[in-house]
Amino acid sequence: MKKIIALLLLIFTLTACAPGGENSAAAPENASQNEVAQETAEVEGTITLYTSQPEEDANQLIEGFKELHPKADVVVFRSGTEEVVSKILSEKEVNAVQADVILVSDTVTFEILKANDLLEPYESPELEGLDPKFYDPDKFYAGTKIISTGIIQNTEVYPGEVKAFKDLISPETKSQTIMPSPLYSGAAAYNLSLITRTDGLGWAFYQGLKDNDILVDKGNGAVQKAVMEGQKGLGIIVDYMANRSKNEGAPVVFIYPEEGSPIVTEPVGIVKGTQNPEVAQAFYDYIISKEGQQLAADMGYTPIREDVEAPEGLKSAKDLQVLLGDDAVLLENREADKEEFSKVFN
């Protein structure tokens, strides 16, 4: 009888330890952290996302998240970065913040949120897949993609050669160009403070744009539409929008400027005091996971992770000539720069 019991115990132990066994404690070797999390701790409930992402992209992101977490939901408030930040700062003043997660353009904006005690630190397990330069050392936010700014050209409207930002202030391009407003677009606000502190460009570049009769519109979407439809031949725009237009058959090209490319990383952060931290953390994890980054690449963005390839037509992070600035200086001067921009373009 003892031999039979011993044999049964041996069989049970081997079955429990075998890969794929019903009682196996080990996850499959190729399972992602998100897949393991879904198997071990399902999250449920609703969070509110404040974002400047295009509506269609935000919807795809949420759909991808809900495939992993079907009991969770995300409602969205969407506007330009500057308006999103104004909204959440106003809500904080009356102790009525509605957001659980925020996803907007650049690190300088997130430093504003961090300084206003609006973010909750979170050390996501998915940070292991990111270069430390792309997330806050205090873990208040992490970049989600690399978005560079350059020039879109409709070659049927303006067939001339364009290689650099400076070409947009030449007599040949007079009245040909449109740009997003830094009073609306967070990326444009970041670019304003960066470019005005870049040797060879500076405020003289923006005065040159004004003198060359540039059109200033709300955001990058307005620039994309105007150049695609031939209302303007040139525009200052983020890379993925120009690349999408080209892939849709528009007679446009995207030009990485010779001076270098300003980049933003559209960080994500969890809002302090969220009522559903489990869903907020799961959503944060998904965005920077390999699955979430592959979705970003499929939507046309350059991924923040090196183990996911950039979409065709865009440069990867390692191939970009990046214009760099000191975030502390850019933050300190952001509002003053926007005021000066308003004076130049009044």
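All of these numbers come straight from a predicted model, not from anything done at the bench. (Residues numbered from 1 in each chain as written. Predicted model: local features only at pLDDT ≥ 70, side-chain atom pairs only at ≥ 80, totals over all residues. Heavy atoms only, no water.)

K.L.:
Could you give me a rundown of the overall build of the chain, with the residues and numbers involved?
P.N.:
Per the secondary structure count, the chain includes twelve helices and 13 strands. Considering the chain as a whole, with its 346 residues, one finds that 52% of them fall into the buried category. For the chain, the share of sequence-separated contacts (at least 6 apart) that also reach a separation of at least 24 residues comes to 77%. Working note: accessible area of the chain is about 16700 Å², and carbon and sulfur atoms make up 50% of it. (Helix = DSSP H or I, 4+ residues; strand = E, 2+ residues; numbered from the N terminus. Buried < 20%, exposed > 50% of the residue type's maximum accessible area, 1.4 Å probe, protein only. Contact = heavy atoms within 4.5 Å. Areas by Shrake-Rupley, 256 points an atom, 1.4 Å probe, with all protein chains shown as cover.)

K.L.:
Account for the nonpolar core, with residues named and values stated.
P.N.:
Residues Phe65 and Phe283 are the most contacted members of the largest nonpolar core, which totals 58 residues. Broken down by element, this core gets its largest block of residues, eight residues, from helix H10 (residues 277-288). Formed by 19 residues, the second largest nonpolar core is a distinct cluster that contains Ile151, Tyr158, Phe165 and Leu201. (Core = buried A, V, L, I, M, F, W, Y, C linked by side-chain atoms within 4.5 Å.)

K.L.:
A description of the packing of helix H7 (residues 202-211) against helix H12 (residues 327-344) should follow, citing residues and the corresponding values.
P.N.:
Across the interface, H7 lies against H12 with an axial gap of 10 Å and an inter-helix angle of 30°. When you trace H7 past H12, the crossing you get is right-handed. Listed contacts from H12 to Trp203, Tyr206, Gln207 and Lys210 of H7 are Asp337, Glu340, Phe341 and Val344. When its residues are assigned to classes, the contact of H7 with H12 shows four nonpolar, one polar and three charged. (Axes fitted to C-alpha atoms, helices over the stretch in contact; angles between N-to-C directions. Left-handed = near helix turned anticlockwise from the far one by under 90°. Nonpolar A, V, L, I, M, F, W, Y, C, P; charged D, E, K, R; others polar.)

K.L.:
So what about helix H4 (residues 81-93)? Which residues, and what values?
P.N.:
Over its 13 residues, H4 extends 19 Å from the first C-alpha to the last, a length consistent with the 18 Å expected when each residue adds 1.5 Å. Every buried residue belonging to H4 is among Thr81, Glu82, Val84, Val85, Ile88 and Glu91, and all of these are buried. Immediately downstream of H4, the backbone of asparagine 95 shows phi near 55°, a positive value. (Expected span 1.5 Å × (residues − 1).)

K.L.:
Account for the environment of proline 54, with residues named and values stated.
P.N.:
When you line up the elements, proline 54 lands in the loop between strand E1 (45-51) and helix H3 (55-68). Given a relative accessible area of 18%, proline 54 falls into the buried group. Along the sequence, proline 54 and glycine 80 sit 26 residues apart, while their C-alpha atoms lie 9.3 Å from each other.

K.L.:
Lay out the pairing of strand E5 (residues 145-154) with the relevant residues and their values.
P.N.:
Across the ten residues of E5, ten count as buried, placing the element largely inside the fold. Direction of pairing for E5 relative to strand E12 (residues 302-303): antiparallel, over a ladder of two bridges. Of the residues in E12, the one forming a bridge with isoleucine 146 is threonine 302. Judged from the two bridges that link them, E5 and strand E10 (residues 261-264) form a sheet pairing that is antiparallel. (Pairing = 2+ DSSP bridges.)

K.L.:
Account for the pattern of salt bridges, naming residues and giving values.
P.N.:
In this structure the tally under the stated criterion is 16 salt bridges. In this structure, arginine 305 and aspartate 307 form a salt bridge, with 3.0 Å as the shortest nitrogen-oxygen distance. Where glutamate 335 meets lysine 338, a salt bridge forms, and the shortest distance between an N and an O atom there is 3.2 Å. Highlighted residues: glutamate 335 and lysine 338, both in helix H12, separated by three residues, approximately one helical turn. The partly exposed category is assigned to glutamate 335, whose relative accessible area is 46%. Each of Glu82, Asp106, Arg334, Glu335 and Lys338 takes part in salt bridges that share partners, so that together they form one network. (Salt bridge = Lys/Arg side-chain N within 4 Å of Asp/Glu carboxyl O.)

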